[in-house]
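# Remarks on the overall topology
Here is what each chain is made of, one letter per residue.
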Amino acid sequence: MSTLTLAYRFAPRRRRNGLQEQRAELLLPEGVEVINPDVTAAEAVADLKTLPRGMYLMLMVTAPVMGLVFALRGPRAFLDEDLVVEDLPSTLRAELAADDPVIHAISDRRDQRLLEALGEIYTERGDEPIRVAIVYGAGHVPAIVSGLMDRHGYRPREAEWVTVLIPA
């Protein structure tokens, strides 16, 4: 996994990858609070270990190779039309991937952490007209939208999409 995480640090430095390195101090006005409700590396590995043994071992073997490809070619090496987030999958491959156990192992705990953090913001400031920016990948959007609707009755009104990579 260390090769993959190293790739995340290296990729934004290569301009041809088409990524914007995101640094809160450059993008946000002074005094804006930034929270990062994420999982630890140990929690991510623990979640991956819940996968069937063969699938987990294959991931551990392929992760360094994927990290190297990501570092050299950027995220576009792994992106295609199947990764757009739609209400309904638009291709057979996207439909098959919709309930992928690997995606659930990687995303479910992160989604819950984010929804808990948003719930805390709602509890503390729900009566104020504030804006909250959520910088998570598009794959997390369905869980965010349904979680906010179920817990607080929110419905999306607008969104801004950018290609971003946060350095680790």
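Everything quoted here is computed from the prediction, not taken from an experiment. (Residues numbered from 1 in each chain as written. Predicted model: local features only at pLDDT ≥ 70, side-chain atom pairs only at ≥ 80, totals over all residues. Heavy atoms only, no water.)

### Observations concerning the overall build of the protein
Put simply, the rule reads: What counts as a helix is a DSSP run of H or I of at least four residues, what counts as a strand is a run of E of at least two, and both are numbered from the N terminus. Any residue under 20% of the maximum accessible area for its type is buried, any over 50% is exposed, and the rest in between are partly exposed; the area is computed with a 1.4 Å probe on protein chains only. By the convention used here, residues are in contact when the closest approach between their heavy atoms is within 4.5 Å. Values of accessible area rely on a 1.4 Å probe in the Shrake-Rupley scheme; residue burial ignores everything except the protein chains shown.
Check the secondary structure of the protein and you find 7 helices and 2 strands. Starting at the N terminus, the α and β elements of the protein follow one another as α-β-α-α-α-α-α-α-β. Out of the 168 residues belonging to the protein, those deemed buried represent 21%. Expressed as a percentage of contacts within the protein between residues at least 6 apart in sequence, the contacts between residues at least 24 apart total 72%. As displayed, the protein has an accessible area near 12500 Å², and 56% of this comes from carbon and sulfur atoms.

### Quick notes on the environment of Leu51
Locating Leu51 in the fold gives a position in the loop between helix H3 (41–48) and helix H4 (53–73). According to the relative accessible area criterion, Leu51 is buried, its value standing at 7%. Residues Leu51 and Val102, 51 residues apart in the sequence, show an inter-C-alpha distance of 7.2 Å. For Leu51, the contacting residues outside a window of four places in its chain are Tyr56, Leu59, Pro101, Val102 and Ala105.

### Topic: the nonpolar core
Stated precisely, the cut-off is as follows: Only buried Ala, Val, Leu, Ile, Met, Phe, Trp, Tyr and Cys residues count toward a nonpolar core, and they belong to the same one when joined by side-chain atoms within 4.5 Å.
Among the nonpolar cores identified, the biggest contains 6 residues, and these are Leu114, Leu115, Leu118, Tyr136, Ile144 and Leu148. Elements represented by at least two residues in this core include exactly helix H6 (101–125) and helix H7 (141–152). Within the second largest apolar cluster, 5 residues are counted, among which are Leu51, Tyr56, Val102 and Ala105.

### A short note on H4
What counts here: By this rule, a helix spans an expected 1.5 Å times one less than how many residues it contains. Here the bend at a residue is taken as the angle between two axes, fitted respectively to the seven residues that end there and the seven that start there.
For H4, spanning 21 residues, the distance from its first C-alpha to its last is 30 Å, which sits close to the expected 30 Å at 1.5 Å a residue. At Thr62, H4 shows its maximal bend, which comes to roughly 35°, and the proline Pro64 appears one to four places after that position. Residues of H4 that are buried include every one of Tyr56, Ala63, Gly67, Phe70 and Ala71, and no others.

### Looking at H6
Within an α-helix, residues lying three or four positions from one another point in the same direction, as the helix has 3.6 residues per turn. Formally: We call two N or O atoms a polar contact when they sit within 3.5 Å, provided that within protein one can donate a hydrogen and the other can accept it, with sequence-adjacent residues counted only if both atoms are side-chain atoms.
Compared with an ideal rise of 1.5 Å per residue, which puts 25 residues at 36 Å, H6 spans 35 Å between its outermost C-alpha atoms and is within 8% of the ideal. When we look at burial in H6, the residues that qualify are Val102, Ala105, Ser107, Asp111, Leu114, Leu115, Ala117, Leu118 and Gly119. In this structure, the buried side of H6 is in contact with H3, H4 and H7. The N-cap residue of H6 is Asp100: its side-chain oxygen and the backbone nitrogen of Val102 are 2.8 Å apart.

### Notes on the pattern of salt bridges
Here is the rule we go by: Any carboxyl oxygen of Asp or Glu that lies within 4 Å of a side-chain nitrogen of Lys or Arg is treated as forming a salt bridge with it.
Taken as a whole and judged by the stated rule, the model has 5 salt bridges. With a shortest N-O distance of 2.6 Å, Asp47 and Arg109 are connected by a salt bridge. Here Arg109 lies in helix H6 and Asp47 lies in helix H3, a separation of 62 residues in the sequence. Looking at Asp47, the relative accessible area reads 13%, which means it is buried. One network of salt bridges, with partners in common, ties together Glu43, Asp47, Arg109 and Arg113.

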